[in-house]
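# Notes for the structure review
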Amino acid sequence: MKQKGIFSRLALVLLCLLFYGGLWAQDFTQLPPFKKANSIWMLATKGISFNTSPATMLPSSMPMGTMGNVSVCHPRTGQLLFYTNGFNCWNRNHQLMPDGIGLGGAGLSMQNICIVPFINDTSKYYLFYIKQGGISLSIGGGPLPTLPPGGFDYNLTYSVIDMNLDNGLGAIVPGKRNIIAAHGPLGDMMAVVPGNNCDIWLLTHPVDLPDVKAFHITTAGIDTTPVVSTLMPGITGLQSFTAGALAVSPNRKKVAMASNNGLEISGFGFGFYGTIGVQVADFDPETGILSNNMVLTDTSMAEGVCFSPDNSKLYSALITGMIDSSNCGYLCQHDLSSGVPTSIIASRYLIPYTGGSLRRRGDTVFLSAFRGYFSRPNLAGAACGFAPSVTTPFLPAGYPLGDLCYPIGNDVVYTFPPDTLTLPMTDTCFFRKITLHAPAGYNDYVWNDGVADSMHNFYSSGQCKVTYNDGCHTYIKPYRLNEAGAGLGPRDTVICKAPPLVLQAGTKGQVQSFLWQDGSTGNSFRVTQDGQYWVKVTFAANCTLTDTIGITFSDVQQDLGEDKIICRGDPVNVTLKANIPPGGNASWNTGATGQTITATDTGTYSVKVTAGKCVGRDEVHIGMGYCACQPLVPNAFSPNADGVNDWFKPVLAADCPVSNYSLAVYNRFGQRVFFSAKPEQGWDGQFNGQPSEVGTYMYELKYTGGVRNISEYKKGDLNLIR
């Protein structure tokens, strides 16, 4: 019979995508590792710890004037591990890491650095950076390194930090410093987002092209061949994305891009090239592909972008020129909830305020240097709760607010935890044995009984399951095993008793019909003699099975009768007979081996009859006793407490069994003066607590006695004498 219900790998993948759609749509910034890893923001000269409420101010060795910055904390405890401005790297004690000076990430952008944890090693981190061409900063961190000409300009570059080094303070791994992962020119901006399969996507934007390059990071490392998405129509042109920002929505379905018009510095001169503005595209965390790009504004330089916690709003910080004495731009909100481009563009809400970079923590969106924040970013328009201020309830008193040279950092992102998917139950039908094959192409197959193989043999009905994984997700595939079979038992069967025998076809599955060797169609067959018998069972889907059995009767059941009692005085002469089938033999406890023996004495007699594998036993006890109990009844007694004849009581033999006993005494008026149902209890001549009168009384005695349970009745006169 062909096995059914085995999933193809493609079908399994599609099923998994449907099952995990809800799970993968959750806010990745609410994962516990993300919250703890980003609980401290180390900025220029100061740091902020959100491990306390309100937040706590921390010292920082990062010098003033630093643009890019990022820090990472332990994903379970929130303890600071290290931080960097892309040029130098400091440990949690605010000391420069060994070999952590002169990295290739110094530039003008606020998002040119990011930290990505290794997926399969919790102690290691990638430190990515993009160095902007023609610029190098050496501020408070040591001498400039000797770099090859143009060696890190606009390239995606990384170093590896191992927290096990330098006595647990962390250090750059030897030989893993300033490694070029991909050549540019790439814009000075990066964003990181978890994928669907225990992986991470690192998003970058080329300087001059309308592309987004998604670099895949897995347990195998960094795939240096990116997934390229060309976004047209979109913001494009010469150096349009030299600087700017990228942001990923919490549900990972959107990516926003800010173009800072390719601001380029050479000495003290500025150049502006290409188009500018903000755009947003759909993102697929399964493939890393962006699509359906939408340009929201193309007339203003954009420094920062950030999504609201519920994914419905997009915030951006625009530079438009001086609009008042203190502001040269706007904070902008677009409502994405309609999904209609014209409605989204028309929903723009502007706040005249210089923003810089934007970063969200929990339900709050912060501006650069904490000089303002949105307390209700899910709400539209003025309800978003923007508060420009020189103080904020989120920070400790005395925090130096308002310096635009303070960027606000980039988030550290972790993969979604491995998931377990229980697949639908598969029903299988089989004869006697079935070999199950788990879906091919996975790892670590283990069946519920411990067998570690992709295939497994089964011989009985029931349920089983196999567990396997793809290196990230664990799958549990259950099976229900239905044995479509019929069995009459062993092929040659000896029945150790006399006919008849009712054969039942032991069936499993959906039975349609039975057919026995004599043409009968019932679900059972009555066997009355030795012979060969078979049944053919038809199941659903025209599945049939025939089983045959040979029946031989060998009756060794023994019955020597009930135990026997011989009346005292009678001779013992009892014939006992064994039931011996052909080919059998008997063994009596007297030593006899014949079919019958004669018992001439009391005692226990037993027999054992053997015929092949059949054995029958019985025993009987022969005893002696009173056939009837004859009483001795006195005709007078003297209850005067002299110790002689003080009680009236019939006398019965001690070993004669008595039941249903009653003794009553009546006076001459017919009044009952005594009664007892106990043979051992007699009359003491008292009535109602007073001595009875001297005279004649009548007694009445009834009982059943002896081994033959003979009923006795006796009455007579009784004289009471004093």
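Rules and cut-offs
Residues numbered from 1 in each chain as written. Predicted model: local features only at pLDDT ≥ 70, side-chain atom pairs only at ≥ 80, totals over all residues. Heavy atoms only, no water. Helix = DSSP H or I, 4+ residues; strand = E, 2+ residues; numbered from the N terminus. Buried < 20%, exposed > 50% of the residue type's maximum accessible area, 1.4 Å probe, protein only. Contact = heavy atoms within 4.5 Å. Core = buried A, V, L, I, M, F, W, Y, C linked by side-chain atoms within 4.5 Å. pLDDT = per-residue confidence, 0-100. Phe/Tyr/Trp six-rings, centres within 6.5 Å; stacked < 30°, edge-to-face > 60°. Pairing = 2+ DSSP bridges. Axes fitted to C-alpha atoms, helices over the stretch in contact; angles between N-to-C directions. Polar contact = N/O pair within 3.5 Å; in protein donor to acceptor, adjacent residues only side chain to side chain. Salt bridge = Lys/Arg side-chain N within 4 Å of Asp/Glu carboxyl O. Disulfide = S-S within 2.5 Å.

Looking only at helices and strands, the chain has four helices and 58 strands in total. Residues counted as buried form 48% of the 722 residues belonging to the chain. Long-range contacts, defined as pairs at least 24 residues apart, comprise 56% of the intrachain contacts of the chain with a sequence gap of at least 6.

What follows concerns the nonpolar core. By size, the foremost hydrophobic cluster in this structure holds 42 residues, and its most contacted members are Y126, F128, L156, L202, L203 and M257. Tallying contributions element by element places strand β12 (residues 186-194) first for this core, with six residues. Those residues within four positions of Y126 in sequence are excluded, and the remaining contacts are C114, I115, V116, F118, Y158, S159, V160, I217, G221 and I222.

Below, the discussion takes up the confidence of the model for the chain. Per-residue pLDDT for the chain has a mean of 85; in total, 85% of the residues score no lower than 70. Every residue in residues 1-24 is under pLDDT 50, and counting partners more than four places away or in other chains gives 47 contacts. Per-residue pLDDT stays below 50 along residues 133-152; that stretch engages in 38 contacts with residues further than four places along the chain or on separate chains.

Next up on the list: the environment of A37. Looking at the element boundaries, A37 is found in helix α2 (residues 32-37). In this structure, the C-alpha to C-alpha distance between A37 and L80, residues 43 residues apart in sequence, is 8.2 Å. When neighbours within four sequence positions are excluded, A37 is seen to be in contact with S71, V72, C73, H74, P75, V412 and Y414.

One pass over the full model with this rule turns up 30 aromatic pairs. Measuring from centroid to centroid gives 5.5 Å for Y445 and Y468, while their planes differ by 35°, and the two rings are tilted. Here the residue Y445 occupies a position in strand β34 (residues 443-447), and Y468 occupies one in strand β36 (residues 462-469), the gap between them amounting to 23 residues. Y468 shares its class with Y445; the two are buried.

Spatially, three strands are ordered β4-β5-β6 in an open sheet, and the strand pairing comes out antiparallel. Each edge of the open sheet is held by one strand with a lone partner, namely β4 (70-73) and β6 (89-91). Ignoring strand direction, the axes of neighbouring strands in this sheet form an average angle of 15°. Sheet analysis places strand β5 (residues 80-84) next to β6, joined by three bridges and oriented antiparallel.

Let us look at the sheet that holds strand β54 (residues 672-676). Taken together, five strands build an open sheet; the order of strands is β52-β58-β57-β53-β54 and the sheet is mixed. Each edge of the sheet is formed by a strand with only one pairing partner; in this case those strands are β52 (636-637) and β54. Relative to strand β58 (residues 710-720), β52 runs parallel, the two being bridged by two bridges. Within the sheet, the bridge partner assigned to F637 lies in β58 and is L720.

The subject of this paragraph is the side chain of S60. Structurally, S60 is set in the loop between β3 (56-59) and β4. Looking at S60, the relative accessible area reads 14%, which means it is buried. Polar contacts involving the side chain of S60 include one to the main-chain carbonyl oxygen of L43, which spans 2.7 Å. A distance of 3.2 Å separates the side chain of S60 from the backbone nitrogen of M62, its partner in a polar contact.

The next point concerns the pattern of salt bridges. Should the charged atoms of two oppositely charged side chains come close, the side chains can pair. Within this structure, the stated rule accounts for six salt bridges. With its nearest N and O atoms 3.7 Å apart, the salt bridge here joins R668 to E693. Of the two residues, R668 is situated in the loop between β53 (658-666) and β54 and E693 in the loop between β56 (690-691) and β57 (695-705); the sequence distance between them amounts to 25 residues. The two residues R668 and E693 agree in class, both being exposed.

With omega at 0°, the peptide bond leading from S53 into P54 counts as cis. Positionally, P54 belongs in the loop between β2 (46-49) and β3. Residue P500 follows P499 across a cis peptide bond; omega there is 5°. Assignment of secondary structure puts P500 in the loop between β39 (492-495) and β40 (501-504). Even without being glycine, A641 reaches a positive phi, approximately 60°.

With that settled, consider the state of the cysteines. This structure, assessed with the given rule, holds four disulfides. Disulfide partner of C567: C627, at an S-S distance of 0.9 Å. Judged by the sign of its S-S torsion, about -140°, the bond between C567 and C627 is left-handed. With a gap of 60 residues between them, C567 in strand β46 (residues 564-567) and C627 in the loop between β51 (614-625) and β52 connect regions that are remote in the sequence. C627 carries the same exposure label as C567, and that label is buried. Two residues, C629 and C656, share a disulfide whose sulfurs are 1.4 Å apart.

Here the focus is the side chain of T157. Turning to its location among the elements, T157 is positioned in strand β9 (residues 156-162). Separated by 3.3 Å, the side chain of T157 and the backbone oxygen of N155 make a polar contact.

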